[in-house]
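The chain contents come next:
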Amino acid sequence: RLRTSGQSVYPLAVYCRGVAEYLYVARGNGASAPPDTDPVAAPLFNAGEHLTFTPDIRRMSADQLSGVEELTVSRSNVASVQFHGVTDVRGVDFDSVMRLEVGEVLVYPDARAKPPKGQGLNKMA
C-alpha cells in the first residue's frame, strides 16, 4: 500500500511513462511498418520473450497462424489478454504491439502501428 504525505504521485507516473515510451521508440521498437507491407511476406511473428500464448503459436504453421482461435497472451504473474474469435497473427511483432506490465495492459501503444479495426490484435479482447 502506497502512503504519501498528501502530495500526488501522478506527475511522477506521467514522467516515468513518458520516459518509457521514449526509450521504447528510441530503441526501434515503436517504428511502424510501411502501410503497403504485406503481413504474409513479413516474418511470421515475433513472439516476445516474456509472453506465453494459448494456444501455443510458437508451434504453429503459417496456415495455422492465419486463424488462431481464442488467442490468450499472458505474462506470468502480471496479466493476460484473450482475443475473441479468430485472429491472424502472421507478421505481428508482439514485443512492439503489446505491453503487459503490472498495472498496465496496452495493445498498440504506438497508434501509428495500429491496423484497421478487426485486423491483427485491434479487435475485441
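Trainee: Can you help me understand the overall build of the protein chain in this one?
Mentor: Broken down by element type, the protein chain carries 3 helices and 7 strands. When the helices and strands of the protein chain are listed from N to C terminus, the series reads α-β-β-α-β-β-β-α-β-β. Scored against the burial criterion, the 125 residues of the protein chain give a buried share of 26%. A fraction of 47% describes how many contacts in the protein chain between residues 6 or more apart in sequence connect residues 24 or more apart. Of the roughly 8500 Å² of accessible surface on the protein chain, 52% is carried by carbon and sulfur atoms.

Trainee: Help me understand the pattern of salt bridges in this model?
Mentor: Two side chains bearing opposite charge may form a pair once their charged atoms approach each other closely. Tallying each qualifying case throughout the model produces 4 salt bridges. Residue R90 is joined to D88 by a salt bridge in which the shortest nitrogen-to-oxygen separation is 2.6 Å. Given the relative accessible area of 21%, R90 is considered partly exposed. For D110, the salt bridge is made with R112, and the minimal N-O distance between the two is 3.0 Å. Looking at D110, the relative accessible area reads 12%, which means it is buried.

Trainee: Quick question: what am I supposed to make of the sheet that holds strand β4 (residues 79-87) here?
Mentor: Within a beta sheet, neighbouring strands are joined by backbone hydrogen bonds and run either parallel or antiparallel to one another. The strand order across the open sheet formed by 3 strands is β2-β3-β4, and the pairing between neighbours is antiparallel. Either end of the sheet is taken by a strand with one partner, and the two such strands are β2 (52-54) and β4. When strand polarity is set aside, the average angle formed by the axes of neighbouring strands in this sheet is 20 degrees. Across 7 bridges, the pairing between strand β3 (residues 68-75) and β4 is antiparallel. For V68, the partnering residue across the bridge sits in β4 and is T87.

Trainee: Would you mind showing me how to read the pairing of β3 here?
Mentor: A regular strand carries its side chains on alternate faces of the sheet. With 3 bridges joining them, β2 and β3 adopt antiparallel strand pairing. When the sheet's bridge partners are listed, F53 is paired in β3 with V73. As consecutive antiparallel partners, β3 and β4 are separated by 3 residues, and within that stretch N77 has a phi angle of approximately 60 degrees, a positive value.

Trainee: What is the right way to look at the packing of aromatic side chains in this model?
Mentor: In this description, an aromatic ring pair is defined by two values, namely the gap between the centres and the angle between the planes. For the structure shown, the criterion picks out 1 aromatic pair. Seen from their ring centres, F53 and F94 are 4.9 Å apart, and the 65 degrees between their planes marks the pair as edge-to-face. A residue pair is termed long-range when its members are at least 10 positions apart, and F53 in strand β2 and F94 in helix α3 (residues 94-97) qualify at 41 residues. Here F94 falls in the buried class, since its relative accessible area comes to 0%.

Trainee: Hey, could you run me through the nonpolar core in this one?
Mentor: Where a protein is soluble and globular, its nonpolar side chains tend to be buried together. Core analysis: the largest hydrophobic core is formed by 18 residues, its most contacted members being I57, L71, V73, V89, F94, M98 and L121. Every residue in contact with M98, bar those within four places of it in the chain, is listed here: V73, V81, F83, L106, V107 and L121.

Trainee: How should the side chain of T72 be read in this particular structure?
Mentor: Inspection of the secondary structure assignment puts T72 in strand β3. If sequence neighbours within four positions are ignored, T72 has contacts with T52, F53, T54, S80, V81 and Q82.

The rules behind these values
- Residues numbered from 1 in each chain as written.
- Predicted model: local features only at pLDDT ≥ 70, side-chain atom pairs only at ≥ 80, totals over all residues.
- Heavy atoms only, no water.
- Helix = DSSP H or I, 4+ residues; strand = E, 2+ residues; numbered from the N terminus.
- Buried < 20%, exposed > 50% of the residue type's maximum accessible area, 1.4 Å probe, protein only.
- Contact = heavy atoms within 4.5 Å.
- Areas by Shrake-Rupley, 256 points an atom, 1.4 Å probe, with all protein chains shown as cover.
- Salt bridge = Lys/Arg side-chain N within 4 Å of Asp/Glu carboxyl O.
- Pairing = 2+ DSSP bridges.
- Axes fitted to C-alpha atoms, helices over the stretch in contact; angles between N-to-C directions.
- Phe/Tyr/Trp six-rings, centres within 6.5 Å; stacked < 30°, edge-to-face > 60°.
- Core = buried A, V, L, I, M, F, W, Y, C linked by side-chain atoms within 4.5 Å.

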